[in-house]
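Structural features, examined
Letter by letter, the chains look like this.
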Amino acid sequence: MTGVLKRKIIFAIIGVIFAVGSGINAVKDLTDNSEKKLEYETMLIPVVMYDPDMFDDVSASNLNQLTVCAVWSIIKDKEIYPGKYETDDQGNIMIPAEDVEKAFAKLFGTDVIPTHIGVKGNFDEFSFNEQSRCYLVTSAGTVPIYTPKVTEIDKTSNTVVLTVGYLAAEAWAQDSAGNFIQPEPSKFVKITLRENDNGYYISAMQATDAPENAEPGVTLQATAPVTLPEATTEEETTEEVE
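Residues numbered from 1 in each chain as written. Predicted model: local features only at pLDDT ≥ 70, side-chain atom pairs only at ≥ 80, totals over all residues. Heavy atoms only, no water.

**Concerning the nonpolar core**
As a rule of thumb, soluble globular proteins bury nonpolar side chains together. Formed by 44 residues in total, the largest nonpolar core has its most connected members in Ile95, Phe108, Ile191 and Ile202. Per element, the largest residue contribution to this core is eight residues, and it comes from helix 3 (residues 63-75). Dropping the residues within four chain positions of it, Ile202 is found in contact with Met43, Leu44, Val47, Phe55, Val58, Leu107, Phe108, Ile191, Thr192 and Leu193. (Core = buried A, V, L, I, M, F, W, Y, C linked by side-chain atoms within 4.5 Å. Buried < 20%, exposed > 50% of the residue type's maximum accessible area, 1.4 Å probe, protein only. Helix = DSSP H or I, 4+ residues; strand = E, 2+ residues; numbered from the N terminus. Contact = heavy atoms within 4.5 Å.)

**Examining the packing of helix 3 against helix 4 (residues 97-108)**
At a closest axis distance of 8 Å, the pairing of helix 3 and helix 4 adopts a crossing angle of 105 degrees. Here helix 3 is positioned roughly perpendicular relative to helix 4, judged by the angle of their axes. On helix 4, the residues that touch Leu63, Leu66, Thr67, Cys69, Ala70, Val71, Ser73 and Ile74 of helix 3 are Asp99, Val100, Ala103, Phe104, Leu107 and Phe108. Across the contact of helix 3 with helix 4, the residue classes break down as eleven nonpolar, two polar and one charged. (Axes fitted to C-alpha atoms, helices over the stretch in contact; angles between N-to-C directions. Parallel < 35°, antiparallel > 145°, perpendicular 65-115°, else oblique. Nonpolar A, V, L, I, M, F, W, Y, C, P; charged D, E, K, R; others polar.)

**Some details on the pattern of salt bridges**
According to the stated counting rule, one finds five salt bridges in the structure shown. With a closest N to O distance of 3.7 Å, Lys102 and Glu98 form a salt bridge. Of this pair, Lys102 and Glu98 both sit in helix 4, four residues apart, which is roughly one turn of that helix. The residue Glu130 makes a salt bridge to Arg133 at a minimum N-O spacing of 3.4 Å. Assessed through its relative accessible area of 53%, Glu130 is described here as exposed. Owing to a relative accessible area of 38%, Arg133 belongs among the partly exposed residues under this scheme. (Salt bridge = Lys/Arg side-chain N within 4 Å of Asp/Glu carboxyl O.)

**Let's talk about helix 4**
Taking 1.5 Å of rise per residue, twelve residues should cover 16 Å, and helix 4 covers 16 Å from first to last C-alpha, within 8% of that figure. Taken together, the buried positions of helix 4 are Ala97, Asp99, Val100, Ala103, Phe104, Leu107 and Phe108. Buried residues in helix 4, looked at end-on, bunch into an arc of 155 degrees, giving them a common side. Relative to its buried face, helix 4 has exposed residues pointing more than 90 degrees away, namely Lys102 and Lys106. Positive backbone phi, approximately 80 degrees, marks Gly109, located one or two places after helix 4. (Expected span 1.5 Å × (residues − 1). Arc of directions from axis to C-beta.)

**Notes on the sheet that holds strand 6 (residues 159-168)**
An order of 5-6-9-10 is seen for the four strands of this open sheet, with the pairing classed as antiparallel. Unpaired on one side and paired on the other, strand 5 (146-155) and strand 10 (199-208) mark the two borders of the sheet. Geometrically, the sheet is characterised by an average inter-axis angle of 30 degrees between neighbouring strands, direction not taken into account. Bridge count between strand 9 (residues 187-196) and strand 10: nine bridges; the pairing is antiparallel. Looking at the pairing, Thr192 lines up with Ala204 of strand 10. (Pairing = 2+ DSSP bridges.)

Next comes the structure, spelled out in structure tokens:
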């Protein structure tokens, strides 16, 4: 295996983030801005999980990579995916280019637009069918590289600058009660959000140093606790299964 258990653990973590953002689950050691931070983390999941190249302005970004993020934002929306979409003769889920454009604009604004070609990412590949004008998704069970942890929020009139810790997927652990133990961030990124008529979108992503007042890790309550003999890292869990 290996891949199966890893996917279950990491996507369960992502599920907990979404659930907590909706007030369903409990999070220990919350800070004053916890609700807003969780809201931003939910927004950033499909971007941070893919880890696109940094850019000072979205106009100078790698559009191929951002298109992958837009496709993933649709895949992670369980209210519409996969139920809303049809499949082709090979069983691929068909996501219309129009939906990807809307998801792209929601994440990255309207100053740039995705170029509809086949996109190949760090861990997934989505082909684009010119005839149907759809992205064909063959697999959506790949493990993300990182999950986001917002540590600082600096807001002005129409701009929000987030300091975001990137938590390595393989560094998460799970205790005997099935709770997920958050690791220390592997790196930090300044993500600038700008406001337009539709809300806030990502306009810049820049590498930064760890903040002096970085918050300690927290424990997230699992939606479906998995009892393990003791706290184990994902790597150790993989070794046990093998």
